[in-house]
Amino acid sequence: MLALPPAIAADNGIGQVKVAKGRVTVERRGQTLPVEIGARLQTSDIVRTGDDGSVGITMNDNSLLSVGPNSMLSLDRFDYDGATQRGQFDSSLQKGSVVVISGRIAKQSPDAMTVKTPSAILGVRGTEFAVSVND
Amino acid sequence: MAVLLAACAQTSGIVVLLPEKDGNKTAVVVKDGDKEIVLDQPYAAARRSPLGTRADTTTPQEVQARFGPALAAQPARPTAFTLYFVEGKDEFTPDSQKLVETVFTEIASRPVPDILVIGHTDGVGTDQVNDALARRRAETVRAELIRRGVAPENVQAIGRGKRDPLVPTPDNVAEPRNRRVEIVVR
């Protein structure tokens, strides 16, 4: 397995892993990569945690995501313009748990940040919340 | 058979609105098919079971039981600092010079700091002059951070000229509070 580079000079990605415990991986273009503190994430990454795993991510718009054990979270879309502080952030939690503190993107309009679960879609209006999905 | 399959595809789960640190009014809207539940009070919850989604409440104890490991993995919140400049220069005012040490303490407290430096000017001068000055102010701060050990790929400098004043003024008015950089440490 290739390790995720801690930082890529040309592309700082959409967010950075700030906290990682236990087994945490990212699925990117069909490859499974181990995740360490400092790793940069990209759009379409799927973050997975094992029985003992958890991970904390700071997105470029200051959104904070923290994922509990046995989870699967897809970063489906993240477009953010730092100059205008506007964008769109859509993620989906297929299983497990996530705690979200929304950032700049959610301040602009109710549909600018969404989190999907297998049964529902959440629209976020500037907020802290927690979502769990049990199979 | 169709009903059974649908039942198998059901998942259970919960969405909880957590209390906001600064007490701002916030909400999460949970849409499940035609049903819409608005969570706008702390510990308001939407619970999903094979019977459907319903509005409910939860407790800090249940949140801790379900979300303890996720809560323990939360990254530190971003911290923002504002430093002020002497008119027309990329030199800090004496008060801001002192605050620089606080910024370094904050950076040092984070395992993988990622820093955004945004330079601003007051309204004196043309856009061209102010864009260059704002950029120079941000770059000066970035260079200082790098000189003191922050990895270059972890500091971005942006100049916003006079477009985003802290204190709105007519054009060509000198305003010390607008001659600033914001440093976001996250």
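The residue numbers shown here count from 1 along each chain, following its written sequence. The lettering of chains begins at A and the numbering of ligands begins at 1, in the order of writing. The model is predicted, so local features are restricted to residues of pLDDT at least 70 and side-chain atom pairs to those at 80 or more, both for listing and for counting; the totals for chains, interfaces and linings are taken over all residues. The side-chain numbers reported here are obtained from all heavy atoms of the structure, hydrogens and water having been left aside.

**Digging into the nonpolar core**
No. 1: By nonpolar core we mean a set of buried residues, namely Ala, Val, Leu, Ile, Met, Phe, Trp, Tyr and Cys, connected to one another through side-chain atoms within 4.5 Å. Burial here depends on accessible area, computed with a 1.4 Å probe over protein chains only, as a share of the maximum for the residue type. Under 20% is buried, over 50% is exposed, and the range in between is partly exposed. Phe 129 of chain A together with Val 30 of chain B are the most contacted members of the largest nonpolar core, which totals 39 residues.
No. 2: Numbering of helices and strands starts at the N terminus; helices are DSSP runs of H or I of at least 4 residues and strands are runs of E of at least 2. The biggest single contributor to this core is strand 9 (residues 86–101) of chain A, with four residues.
No. 3: Leaving out residues up to four positions away in the same chain, Val 30 of chain B has contacts with Ala 120, Ile 121 and Leu 122 of chain A together with Val 15, Lys 35, Glu 36, Ile 37, Leu 39 and Ala 46 of chain B.
No. 4: In terms of nonpolar packing, the next biggest core, distinct from the first, is built from 19 residues, Leu 83, Phe 104, Ala 138 and Val 150 of chain B among them. When checking whether two residues touch, look at their non-hydrogen atoms; a contact exists if any pair is within 4.5 Å.

**A short note on the pairing of strand 12 (residues 128–134) of chain A**
No. 1: Most of strand 12 of chain A sits inside the fold, with six of its seven residues counted as buried.
No. 2: As defined by bridge partners, strand 9 of chain A adjoins strand 12 of chain A across six bridges and the pair is classed as antiparallel. Across the sheet, residue Gly 96 of chain A finds its bridge partner in strand 12 of chain A, namely Val 133 of chain A.
No. 3: Should DSSP find at least two bridges between two strands, the strands are regarded as paired. Bridge count between strand 12 of chain A and strand 1 (residues 12–17) of chain B: six bridges; the pairing is antiparallel. Of the residues in strand 1 of chain B, the one forming a bridge with Asn 134 of chain A is Ser 12 of chain B.

**Let's talk about the packing of aromatic side chains**
For any two aromatic rings, the description comes down to two numbers: the centre-to-centre distance and the angle of the planes.
No. 1: Within 6.5 Å between ring centres, the rings of Phe, Tyr and Trp (the latter by its six-membered ring) count as paired, and their orientation is classed by plane angle as stacked under 30 degrees, edge-to-face over 60, tilted in between. For the structure shown, the criterion picks out three aromatic pairs over all chains.
No. 2: Ring centres 6.3 Å apart and planes at 50° place the aromatic pair Phe 78 of chain A and Tyr 80 of chain A in the tilted group.
No. 3: Overall, the relative accessible area of 6% leaves Phe 78 of chain A in the buried class.
No. 4: Of the residues examined, Tyr 80 of chain A reaches a relative accessible area of 23% and is grouped as partly exposed.
No. 5: Seen from their ring centres, Phe 85 of chain B and Phe 92 of chain B are 4.9 Å apart, and the 35° between their planes marks the pair as tilted.
No. 6: Ring pairs connect the aromatic residues Phe 78, Tyr 80 and Phe 89 of chain A, which therefore count as one cluster.

**A look at the domain arrangement of chain B**
No. 1: The domain boundaries here were taken from an automatic or database domain assignment. Each assigned domain of chain B is listed here: domain 1 (12–72) and domain 2 (79–185).
No. 2: Here the C-alpha centre of domain 2 of chain B lies 39 Å away from the C-alpha centre of domain 1 of chain B.

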